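Close look at the chain arrangement
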Amino acid sequence: MRASVPSFDFGLDPVALRRDFPILAREVHPGRPLVYLDNASTTQKPLVVIEAMAEHYRETNANVHRAVYRLAEIATDAYEGARRAVARFIHAPNEHGVIFTSGATASINLVAHAWGQPRCKAGDVILLTEMEHHSNLVPWQMLAARTGATLAFVPVNDIGELELESLDRLLTPRVRLFAFTHVSNVLGTVNPVRDLITRAHAVGAAVLLDAAQSVPHMPVDCRALDCDFLVFSGHKMCGPTGIGVLAVKPERLEEMDPFLGGGEMISRVTLEQATWAEPPHKFEAGTPHVAGAVGLGAAVAYLEGIGLEAIHAYERALAAYVMARLETVPGLRIHGRATARSGVVSFSLEGAHPHDIAQLLDQDGVAIRGGHLCAQPLMRKRGVPALNRASFYFYNTRDDVDALVRSVLRAQEFFARANG
Ligand code: PLP
């Protein structure tokens, strides 16, 4: 089996990189090394990120942007330094368009309230796709209900690609916003984002790119893509939970009203009214997650050290290996066979519920997802109640894949016997 897969020389050494992640050395069940394959959900954290956050609390903790004492200046520098690191990492047009939020979900809701709410009205269309995560669907349903705008959807075909032919019909001048995912968290499809953005702009629509599954895994260049809004989460890219990013193009930034009101986001306040601080602070009401930003900054530096090109190439090769190996399991069907794919592989096994499979695999120390993967409409479209998903990162190895396949085979035999 191994002879048929390409050489895994991509300029990164997954075995060495694993040593940066303390949790990958643990056994959750005694005698069963952890095989962590739920990276699309959240990734593990390297020691440099854990240490950066601990050091922040140990040495530099103070509130930011408020006090004049030295410690507060150091904390503010650390927070703003993280913003600069993120802006560089995604090639944002400028730093004030990089807004810290609690994650991709919060970023999308912020756009819906701060930009969508004052702009959308009856007769307008918000265009989405059938492969969106609930986070890039439900906020738009709520906005449509508040404003009278309607939703439309680009269909997904059988192999998991967007039906681009439908865009001529769907992309009309009535479309205010086209919000879509860069990489599907279910199908692993990498969408042709440059082309989609150009076509949306041609009819005057703004674009929100959900980059939750791309920024952690491949180079993403906001300036080259020219998207209006880009969102992602720190915890899916070796950073902490509770911190994420909304990157906004300068023209759109000027159009955005504040969403949350409070401290930090104001310029002048009287008892009756207030004026706003300049972006990004205008959109960061209250005390921010300073340690989270520091951790995200450390994660960015760590990923840059490995190289996003290398990570993307390695994960693609690993995904091809996974698909080839899983295809040998009787009764297994892979969902998502787009030409351009990421390291996300979803599958179903005849005669077995995905929850039961995930539980059986857990006994072997193999952590994969079983469920609707926050994409219930896509499950319905594919005619399944749920799926299993194994999702990979640069610290996963072919040994992890082999452990997955061994465990899936064991589950398949179990259910074949149980079903008689
Ligand atoms: N968008 C996509 C494509 C995702 O995969 C996820 C999380 O799985 C999200 C949005 C939401 O991310 P978060 O829960 O970190 O806000």
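Right, let's walk through the structure included here. (Residues numbered from 1 in each chain as written. Predicted model: local features only at pLDDT ≥ 70, side-chain atom pairs only at ≥ 80, totals over all residues. Heavy atoms only, no water.)

Scanning all chains against the criterion turns up 12 aromatic pairs. Relative to Tyr-395, the ring of Phe-394 has its centre 5.3 Å away and its plane inclined at 70°; by these criteria the two rings are edge-to-face. (Phe/Tyr/Trp six-rings, centres within 6.5 Å; stacked < 30°, edge-to-face > 60°.)

A few words now on the packing of helix α2 (residues 47–60) against helix α3 (residues 70–89). At a closest axis distance of 11 Å, the pairing of α2 and α3 adopts a crossing angle of 165°. On the basis of their axis angle, the class for α2 and α3 is roughly antiparallel. Note that α2 runs across α3; the crossing there is right-handed. Touching His-56, Glu-59 and Thr-60 of α2 are Leu-71, Ile-74 and Ala-75, all from α3. Looking at the contact of α2 with α3 residue by residue, the classes come out as three nonpolar, two polar and one charged. (Axes fitted to C-alpha atoms, helices over the stretch in contact; angles between N-to-C directions. Helix = DSSP H or I, 4+ residues; strand = E, 2+ residues; numbered from the N terminus. Parallel < 35°, antiparallel > 145°, perpendicular 65-115°, else oblique. Left-handed = near helix turned anticlockwise from the far one by under 90°. Contact = heavy atoms within 4.5 Å. Nonpolar A, V, L, I, M, F, W, Y, C, P; charged D, E, K, R; others polar.)

What follows covers the pattern of salt bridges. In total, this model carries 19 salt bridges according to the counting rule given. Arg-389 is the partner of Asp-38 in a salt bridge, and the nearest nitrogen-oxygen pair spans 3.3 Å. Residue Asp-38 is located in the loop between β3 (35–36) and α2, and its partner Arg-389 is located in strand β17 (residues 387–391); the two are separated by 351 residues in the primary sequence. With a closest N to O distance of 3.8 Å, Arg-119 and Glu-255 form a salt bridge. Linking Arg-119 in helix α4 (residues 104–119) with Glu-255 in helix α9 (residues 250–255), this pair joins segments that are 136 residues apart in sequence. Salt bridges linked by common partners bring Arg-119, Asp-226, Asp-228, Lys-249, Arg-252 and Glu-255 together as one network. (Salt bridge = Lys/Arg side-chain N within 4 Å of Asp/Glu carboxyl O.)

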